[in-house]
Amino acid sequence: MSHKTDVAVIGAGPVGLFAIFECGMLGMRCHVVDALDAIGGQCSALYPEKPIYDIPAFARISGAELVERLEQQATPLKPVFHLGQRVEKLERLGEGFRLTTSKGAVIEAGAVIIAAGAGAFGPNRPPLAGIEAYEGQSDGRGVHYLVRRPEDFRGRRIVIAGGGDSAVDWALALHGIADHIAFVHRRDQFRAAPDSVARLRALDGKGLDIVVPFQLDALAGDSGRLEAVTVRSLDGETRRLPADALLAFFGLKSDLGPIATWGMELALHHLPVDPATCQTSQPGIFAIGDVATYRGKLKLILTGFAEAAAAAHAIFPLLHRGQPLHFEYSTSKGAPGTA
Ligand code: FAD
């Protein structure tokens, strides 16, 4: 499938999402690719329930709510998302670029913004035979490595595996939504916030069973429809946990992967940019957010937001040669989708 757009954005983390808005305010449309099945980058994948305290004008906002609000702000700019696929190839094509994803999508764009954080996220899969057959289902069934819409799991029997913040936070958030939760961990100690662990233990036996010390052993089902998860203790005891879904939270690995081969100067897994424009060593290719580096760089979401604005303003003259860009405040020009 082939697409044409003004700007291709690699990475749908908070900074990539804001780039859609900044480009859109200058009349440039974006196609956005992310290796994850959901938008939001680290905020969605690593700390959806944790409060962030340094987003301007929000005394406190959770990772998930920030992503939701960024999505709302970007939606009127009509971005096209290509999720669950990694950008593998980036080639120059005349004055623009051609991107090819791991699912074979081809995007031709006038400029490229790399908002790739620490690289493409992928799950640490538990080593269970045939697990791929249960992945990628959107109806609250099968195997998942992150949760986008808790409501998908309403009335489902779920097994949550892992012992860190993500596993515990999602068990708390899904309790009362899921029909039943079995919480599986290989030890009776958790690496999550003590207050959250106390809340989890208080729910034991009340629609949620803590199943420790057990490890995932096998999946049982038919034609991709999960029916049960078998767990095994270190001394060989097994239990069969009836389940519609398994949520496995063993962390995500990130990998700069192909980006390192696209001919840009690299500095310790980051892309050096000119901070005034966020252009990399390759004209027309920009980098913003955690992946971008320059002297004094702060790896903060708010820094990435400002970089998105700088990149959009630097891209406009490349795509509109001879057309002057008059700097305007949003209060003067308004924004699409607002009254
Ligand atoms: P990311 O959020 O990392 O998103 C990058 C996205 O690009 C990923 O989804 C990845 O899958 C995708 N990607 C990469 N390569 C490819 C490819 N080749 N093809 C397709 N997709 C690709 N920051 C703050 O400002 N305040 C805080 O309080 C704060 N708290 C934090 C707490 C924790 C626990 C953590 C882990 C981080 C915290 N941060 C905080 C840091 C903040 O989350 C990052 O600065 C921010 O997420 C960077 O955003 P980004 O959009 O640049 O990259």
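Colleague: Before we move on, can you summarise unusual backbone geometry with the specific residues and values?
Modeller: Omega for the peptide link from Val212 to Pro213 comes to -15°, which places this bond in the cis form. Within the secondary structure, Pro213 is located in the loop between β13 (208-211) and β14 (214-222). Non-glycine residue Lys78 carries a positive phi angle of around 55°. Residue Lys78 is classed as exposed on the basis of its relative accessible area of 54%. With a phi close to 50°, Leu268 is a non-glycine residue in the positive phi region. Here Leu268 shows up in the loop between β18 (252-255) and β19 (271-272).

Colleague: Residue-level account of the sheet that holds strand β11 (residues 157-161), with values.
Modeller: Strand order in this open sheet of five strands is β10-β17-β11-β12-β13, and the pairing throughout is parallel. In the strand order of this sheet, the two ends are held by β10 (142-144) and β13, each with one partner. Each strand of the sheet is rotated relative to its neighbour by a mean of 20°, with strand direction disregarded. Bridge count between β10 and strand β17 (residues 245-248): three bridges; the pairing is parallel. Within the sheet, the bridge partner assigned to Gly142 lies in β17 and is Ala245.

Colleague: Account for the packing of helix α1 (residues 14-25) against helix α6 (residues 301-319), with residues named and values stated.
Modeller: Relative to each other, α1 and α6 sit at 35°, their axes nearing to 8 Å. As for the relative orientation of α1 and α6, their crossing is right-handed in sense. From α1, Pro14, Val15, Phe18, Ala19, Glu22 and Cys23 reach across to α6, where they touch Ile301, Gly304, Phe305, Ala308, Ala309, Ala312 and His313. Across the contact of α1 with α6, the residue classes tally to 10 nonpolar, two polar and one charged.

Colleague: Explain the site of the ligand to me, and be specific about the residues and the numbers.
Modeller: Near the ligand you find 31 residues, and of these Asp34, Tyr47, Val87, Asp290 and Ile301 are the closest. Between the ligand and the protein, one listed contact pairs an oxygen atom with a backbone N or O atom of Val15 at 3.1 Å. In the environment of the ligand, an oxygen atom lies 2.7 Å from a nitrogen or oxygen atom belonging to the side chain of Asp34. Protein burial of the ligand: of its 1,000 Å² of free accessible surface, 86% is covered by the chains. Taken together, the elements giving at least two residues each to the shell around the ligand come down to α1, β2 (30-34), α2 (41-45) and β9 (120-123). The dominant element in the shell around the ligand, judged by the number of residues it contributes, is α1, at three residues. Residue composition of the shell around the ligand, grouped by class: 17 nonpolar, nine polar and five charged.

Rules and cut-offs
Residues numbered from 1 in each chain as written. Predicted model: local features only at pLDDT ≥ 70, side-chain atom pairs only at ≥ 80, totals over all residues. Heavy atoms only, no water. Helix = DSSP H or I, 4+ residues; strand = E, 2+ residues; numbered from the N terminus. Buried < 20%, exposed > 50% of the residue type's maximum accessible area, 1.4 Å probe, protein only. Pairing = 2+ DSSP bridges. Axes fitted to C-alpha atoms, helices over the stretch in contact; angles between N-to-C directions. Left-handed = near helix turned anticlockwise from the far one by under 90°. Contact = heavy atoms within 4.5 Å. Nonpolar A, V, L, I, M, F, W, Y, C, P; charged D, E, K, R; others polar. Near = heavy atom within 4 Å. Polar contact = N/O pair within 3.5 Å; in protein donor to acceptor, adjacent residues only side chain to side chain. Areas by Shrake-Rupley, 256 points an atom, 1.4 Å probe, with all protein chains shown as cover.

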